[in-house]
Amino acid sequence: MHKAIVVPSPGGPEILRWEDVDLPEPGPNQLLVRVGAVGVNFIDTYQRSGVYPMKYPFIPGSEFAGTVVAAGLQVRGFAEGDRVATAEGGGAYAEYALLDADKALHVPHGVSDETAAALPLQGMTAHYLVNSTFPVQAGQTVLTHAGAGGVGLLLTQLLKAKGATVITTVSTDEKEQLARAAGADHVLRYEGFAEQVRELTGGAGVDVVYDGVGKATFDGSLESLRARGMMVLFGGASGQVPPFDIQRLNALGSLFLTRPTIRDYLLTPEERRWRADELFGAVADGTLDVRIGQTYPLAEAAQAHRDLEGRRTTGKVVLIP
Ligand SMILES: NC(=O)c1ccc[n+]([C@@H]2O[C@H](COP(=O)([O-])OP(=O)(O)OC[C@H]3O[C@@H](n4cnc5c(N)ncnc54)[C@H](OP(=O)(O)O)[C@@H]3O)[C@@H](O)[C@H]2O)c1
């Protein structure tokens, strides 16, 4: 047996249970990992609440880092004692978790479990957004939201490294300071942000918006774009965007709209390795700062969810078993 957080049915953070569960057995292509740290992501809250339908009961969590304690017979490239991390696991809110070996990343020497659990999901998301969904060029101007959040702080750093001008939104002074420290050129509050973006861009609008806030910002984000700009809706921290009239893209300037998800940007082992190597490399050479804003004991996952959903977190939220 081991301890895990279990979601028995859809509900609020109070639904989470800290329970004894059976220790899983690795299949032929799987690793059994002793979890050292778990990354909390907004998707965990969508799955807990039923916004994304799940089969209940389930153990949440797709991002974690830890040490391999057993490897399936057909596993190549990983062995007992190796330190691994992933953005694509399952059942990570636990003392032990199974991991398909083809979704495992080697953790470089010198990187702690906390950092290795903080980087994969939000880091690979920021990486695919700026390199693949809309490949940003030096000199372009970008709007992002929640600039002091987990994805937000990483996005700004990757965008500045590409030579873009970054405009971002935040809700508090403390978050503004963090967004500026990450390199944001202009930090706005949400109210009236579209008009302020127009002013900052001399009336032109931005080349791309990366919007993970969703319902509350979607319309303003569209209004912030230049003609033929791209709207990248990648999440709904404020709620999901309701059905959309495609004709609006015409009226607002022949805009492009996409709704990406990380799964489709990790299609091959090469793609996964490219993104992970660049991110862990940037951490190692000091050009990417992974800010862990708050750490909770795993048993207190409910409080972590309350704080994430209540806008009380900055950077990454990590759980320690
Ligand atoms: N599509 C993908 O592949 C993918 C992958 C990873 C994450 N995501 C999405 O990226 C977004 C950010 O995820 P994250 O884990 O990095 O979270 P986060 O940005 O650390 O936290 C969410 C932030 O959103 C802002 N926000 C604005 N309105 C909000 C509201 N009504 N309720 C709650 N928060 C609100 C808050 O910052 P302020 O207080 O400054 O407004 C809050 O801190 C989420 O929508 C997530 O689903 C998508």
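Predicted, not measured: the structure shown is a model, and the values here were computed from it.

Draft legend 1. A look at helix α5 (residues 173-181). Those residues of α5 lying buried are K175, E176, L178 and A179. In a view along the axis of α5, the buried residues occupy a sector of 165 degrees, so they form one face of it. Summarising the geometry of α5, the exposed residues directed more than 90 degrees from the buried face are D173, Q177 and A181. Of the surrounding secondary structure, the elements contacted by the buried residues of α5 are α4 (150-161), β9 (165-169) and β10 (186-188). G183 sits one or two residues past α5 and shows a positive phi near 115 degrees.

Draft legend 2. Spatial organisation of the nonpolar core. Grouped together as the largest cluster of nonpolar side chains are 51 residues, with contacts concentrated most on M124, V136, L155, L159, V208, Y210 and L288. Those elements that place two or more of their residues in this core are α2 (113-118), α3 (120-133), α4, α5, β11 (206-211), β12 (225-233) and α9 (269-284). Taken domain by domain, the makeup of this core includes at least three residues from each of domain 1 (2-119 + 290-320) and domain 2 (122-263). Apart from residues no more than four positions distant in its own chain, L155 is found in contact with A126, L129, V130, T144, Y210 and F234. Of all hydrophobic cores here, the second largest spans 29 residues; its members include F64, V84, A104 and A304.

Draft legend 3. Structural context of the domain arrangement of the protein. Domain parsing of the protein yields domain 1 (2-119 + 290-320) and domain 2 (122-263). With centres defined by C-alpha atoms, the gap from domain 1 to domain 2 works out at 28 Å. Across the boundary between the two partners, domain 1 contributes 17 residues, which contact 17 residues of domain 2. The contact between domain 1 and domain 2 buries some 1,300 Å² in all, and 54% of this surface belongs to carbon and sulfur atoms. There are zero salt bridges connecting domain 1 and domain 2. Counting the contacts that link domain 1 with domain 2 gives six residue pairs in polar contact (both at pLDDT 80 or more).

Draft legend 4. Focus on the pattern of salt bridges. Tallied over the entire structure, the rule returns 13 salt bridges. E176 is paired through a salt bridge with R189; the nearest N and O atoms lie 2.9 Å apart. You can see E176 sitting in helix α5 and its partner R189 sitting in the loop between β10 and α6 (193-200), a full 13 residues away along the chain. Using a relative accessible area of 19% as the deciding quantity, one classes E176 as buried. Each member of the salt-bridge network shares a partner with another, and the members are D173, E176, R180 and R189.

Draft legend 5. The pairing of strand β4 (residues 63-71), seen in detail. The sheet contact formed by strand β3 (residues 30-40) and β4 spans eight bridges and is antiparallel. Its bridge partner lying in β4, L32 is registered against A70. Judged from the four bridges that link them, β4 and strand β5 (residues 83-86) form a sheet pairing that is antiparallel. Bridged to T67 within β5 is R83.

Draft legend 6. A look at the UniProt feature "domain: Enoyl reductase (ER)" (unreviewed entry) in the protein. In this numbering, the UniProt entry assigns the feature "domain: Enoyl reductase (ER)" (unreviewed entry) to residues 11-319. Secondary structure over residues 11-319 splits into 30% helix and 25% strand, and the C-alpha atoms at its two ends are 20 Å apart.

Draft legend 7. Spatial organisation of unusual backbone geometry. The peptide bond linking Y56 to P57 adopts the cis configuration, its omega dihedral lying at -5 degrees. Structurally, P57 is set in the loop between α1 (42-49) and β4. Residue A146 is not a glycine yet carries a positive backbone phi of 50 degrees. Within the secondary structure, A146 is located in the loop between β8 (141-144) and α4. Judged by relative accessible area, A146 falls into the partly exposed class, the value being 31%. Of note, the phi angle at R311 is positive, near 65 degrees, even though the residue is not glycine. With a relative accessible area of 52%, R311 lands in the exposed category.

Draft legend 8. Fine view of the environment of A251. Examined against the element boundaries, A251 turns out to sit in helix α8 (residues 247-251). On the basis of relative accessibility, which here comes to 67%, the residue A251 falls in the exposed class. With 223 residues separating them in the primary sequence, A251 and P28 have C-alpha atoms 54 Å apart.

Draft legend 9. Here's a closer look at the environment of F256. Tracing the sequence through the fold places F256 in strand β13 (residues 256-258). Residues F256 and G229 lie 27 residues apart in sequence; the distance between their C-alpha atoms is 6.3 Å. With residues near it in sequence (within four places) discarded, F256 still touches R228, G229, M230 and M231.

How each quantity is defined
Residues numbered from 1 in each chain as written. Predicted model: local features only at pLDDT ≥ 70, side-chain atom pairs only at ≥ 80, totals over all residues. Heavy atoms only, no water. Buried < 20%, exposed > 50% of the residue type's maximum accessible area, 1.4 Å probe, protein only. Helix = DSSP H or I, 4+ residues; strand = E, 2+ residues; numbered from the N terminus. Arc of directions from axis to C-beta. Contact = heavy atoms within 4.5 Å. Core = buried A, V, L, I, M, F, W, Y, C linked by side-chain atoms within 4.5 Å. Domains from an automatic or database assignment. Buried area = accessible area lost by both parts, 1.4 Å probe. Salt bridge = Lys/Arg side-chain N within 4 Å of Asp/Glu carboxyl O. Polar contact = N/O pair within 3.5 Å; in protein donor to acceptor, adjacent residues only side chain to side chain. Pairing = 2+ DSSP bridges. UniProt positions renumbered as here; feature names shortened; annotations may be inferred.

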